[in-house]
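Here's the letter readout for the chains.
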Amino acid sequence: MIARLIKKFISYYKPHRKLFFIDMLCAFIISALDLVFPIVSRNFINDIIPNGKMHLLYKWSIVLFLLYILRYICNYVVTYWGHVVGVRIEYDMRRDLFAHLQTLSFSYFDNNKTGHIMSRMINDLREISELAHHGPEDIFISFIMIVGSFIILFGIEWRLTLVIFAFVPFMILFAIKKRVKLENAFKDVKMTIANVNSQLENSISGIRVAKSFTNEQYEMEKFNGGNKKFKISRESAFKYMADFSSGIIFVSNILNLVALSLGGIFVYKGIINIGDLVAYILFIGFFLQPIRRLTEFTQQYEDGMTGFKRFMEIMDIKPDIVDREGAVDLKNVKGKIRFNNVSFSYTNGENTVLSNINLTIEPGETIAIVGPSGAGKTTLCHLIPRFYETNSGEITIDDIDIKNIKLKSLRQNIGLVQQDVFLFTGTIKDNILYGNPQATEEEIIEAARNASIHDYIMSLPEDYDTYIGEKGIKLSGGQKQRISIARVFLKNPPILILDEATSSLDNATEIAIQESLKKLSYGRTTLIIAHRLSTIKNADEIVVLTNQGIIERGRHQELLDRGGVYSELYKSQFKDLMTE
């Protein structure tokens, strides 16, 4: 599992390998130059200064100055371009994750919170970016510094070096022991911050409801509960980090003490001189530097790899609904739709929503689907564009099984107007244009005219460029519905689904919207899910759907004359209307 993750992680470096290798080259030069300074210092103390070799003093001072300029350039490359590599990898991962999310079926979004998805998209990938930059760089520099320091230290005094490096295995064992606890702690941090994000997204989206019920304090308590869990989780993670870091630093300090004490004894006995001891102490510092770097890298690795695991968890999810091999484009659509023994359940066969549905809709017909709540009316219509997959049976369009039609082609030929209109944050034009991003200005205006919203738009100071707020909050329900109708006009699909498109509007607005929908439905195969039965009197056929399936079908007057379920529903609504 870890090997697969690391292999996949490394694959993201391929498009940026040139920049990455330049970064690594500069990191190598920095490490090499850091190893040069103690050697020169040793030479200064042992030879140049005692023997008054001033020409060498000037010469080496100039050389060191030039080397420090080179180090400055390399440090700039590592600091800037190294981070650029990390940012570009983060960009690639976020692009791939978003593209993959677009392929996932509705069932994934039904079962996962928006805040959790956003946390993986933003927080996790930001930490992966830091790991992508610092990870290889820290490991590479540390390796160069440890190996280089060992070779040079061994050359100065091999016995002292063996004593110092005898501590290394103990440091490694300590790090391995603590790493497991660190990994679990930081994984818990990821999960809790995802919950905080989800709660925050939910609370902000529902701020108007919270204020209308004067439940601001209740929302504060809910948020504080999640925030407190995150605080505790974070504190716990840093406790394990403190255990790890403090242990490593303690051993590092002991190494300094051993080097100074034994080195002092060796100087006293004449085994090494003062210059060697100074160089040795400096090299011990360079030897400990990568160990501290690796200590910091451990936290970064746990943060980054935990985030990458969560990234891969989503990337490994396969869409429930994909194009079959050999799937075709839907061309010259007439609009004949047929349900043949269709059954569906949201839970893999349990709690069946639809069972053995048989229904044929001829091209250009308007079919209304009515029935009690929970009967599966919306579900039935959502099966046509394959938002969900049938458990059994088949649905055909123009006698072609929809599973044999490419998803993009299928959905391009179906227009959907829903009760709960979703408008994107942006302008009116942006939202109408969503029906056909390649449409011209004239086509946008024509669609708005057909939806009877053009005059209102032109009354606004910035007309089509008017900003409508988040999810269209600055517009009324009727205005939002008209814009959603306009973008379907712009899409111009041969098949239309109207899912209780006017049920949340007042009567006056509903009548006006019905005129737009009537114009939209003309010449198209139309399925209408209706709660208000007075709006579907003129449908070519009315289908009554209950938990037992389709129990009645016919025209309005015909169903009233039968005195069945439809008649009871209609009389009940008419009675309510008369009472009002």
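Scoring rules and cut-offs
Residues numbered from 1 in each chain as written. Predicted model: local features only at pLDDT ≥ 70, side-chain atom pairs only at ≥ 80, totals over all residues. Heavy atoms only, no water. Phe/Tyr/Trp six-rings, centres within 6.5 Å; stacked < 30°, edge-to-face > 60°. Buried < 20%, exposed > 50% of the residue type's maximum accessible area, 1.4 Å probe, protein only. Helix = DSSP H or I, 4+ residues; strand = E, 2+ residues; numbered from the N terminus. Lys NZ or Arg CZ within 6 Å of the ring centre and 35° of its normal. Pairing = 2+ DSSP bridges. Axes fitted to C-alpha atoms, helices over the stretch in contact; angles between N-to-C directions. Polar contact = N/O pair within 3.5 Å; in protein donor to acceptor, adjacent residues only side chain to side chain. Domains from an automatic or database assignment. Contact = heavy atoms within 4.5 Å. Buried area = accessible area lost by both parts, 1.4 Å probe. Salt bridge = Lys/Arg side-chain N within 4 Å of Asp/Glu carboxyl O.

Glancing now at the packing of aromatic side chains. Applying the stated criterion across every chain yields a total of 17 aromatic pairs. Where Phe9 meets Tyr13, the ring centres are 5.9 Å apart and the plane angle is 70°; that geometry is what we call edge-to-face. Taking relative accessible area as the criterion, Phe9 reaches 8% and is therefore assigned buried. Here Phe424 and Tyr434 contribute two aromatic rings whose centre-to-centre distance is 4.5 Å and whose plane-to-plane angle is 35°, an arrangement assigned as tilted. Highlighted residues: Phe424 in the loop between strand S6 (414-418) and helix H13 (428-433) and Tyr434 in the loop between H13 and helix H14 (441-450), separated in sequence by 10 residues. On the basis of relative accessibility, which here comes to 35%, the residue Phe424 falls in the partly exposed class. Aromatic rings pair up to connect Phe9, Tyr12, Tyr13, Phe20, Phe21, Phe308 and Phe311 into one cluster. Here the guanidinium or amino end of Arg159 rests over the ring plane of Phe266, the centre of that ring lying 5.7 Å away.

Let's shift gears to the environment of Ile400. Position of Ile400 relative to the elements: it lies in strand S5 (residues 400-401). When the C-alpha atoms of Ile400 and His382 are compared, they prove to be 17 Å apart, with 18 residues separating the residues in sequence.

Moving on, we get to the sheet that holds strand S9 (residues 541-546). Here six strands make up an open sheet; going across it, the order is S6-S7-S8-S3-S9-S10 and the pairing mixed. Among the strands making up the open sheet, the edge pair consists of S6 and strand S10 (549-554). When strand polarity is set aside, the average angle formed by the axes of neighbouring strands in this sheet is 20°. Pairing analysis gives five bridges linking S6 to strand S7 (residues 495-499), with the strands arranged parallel. Each bridged residue has a counterpart across the sheet, and for Leu416 the counterpart in S7 is Ile497.

What follows deals with the side chain of Asn413. For Asn413, the position within the fold is in the loop between helix H12 (407-412) and S6. Overall, Asn413 belongs to the buried group, its relative accessible area being 14%. Within the local environment of Asn413, its side chain forms a polar contact with the backbone oxygen of Ser409, the two atoms lying 2.7 Å apart.

In terms of domains, the chain is made up of domain 1 (1-157 + 297-319), domain 2 (158-271) and domain 3 (337-549). The gap between the C-alpha centroids of domain 1 and domain 2 is 20 Å. On the domain 2 side, the residues contacting the 24 residues of domain 1 number 24 residues. With both sides pooled, the region where domain 1 packs onto domain 2 buries about 2,100 Å², and carbon together with sulfur makes up 59% of that total. At the boundary of domain 1 and domain 2, one finds zero salt bridges. Of all the secondary structure elements, the ones that give two or more residues to the side of domain 1 that touches domain 2 are helix H5 (114-156) and helix H10 (274-315).

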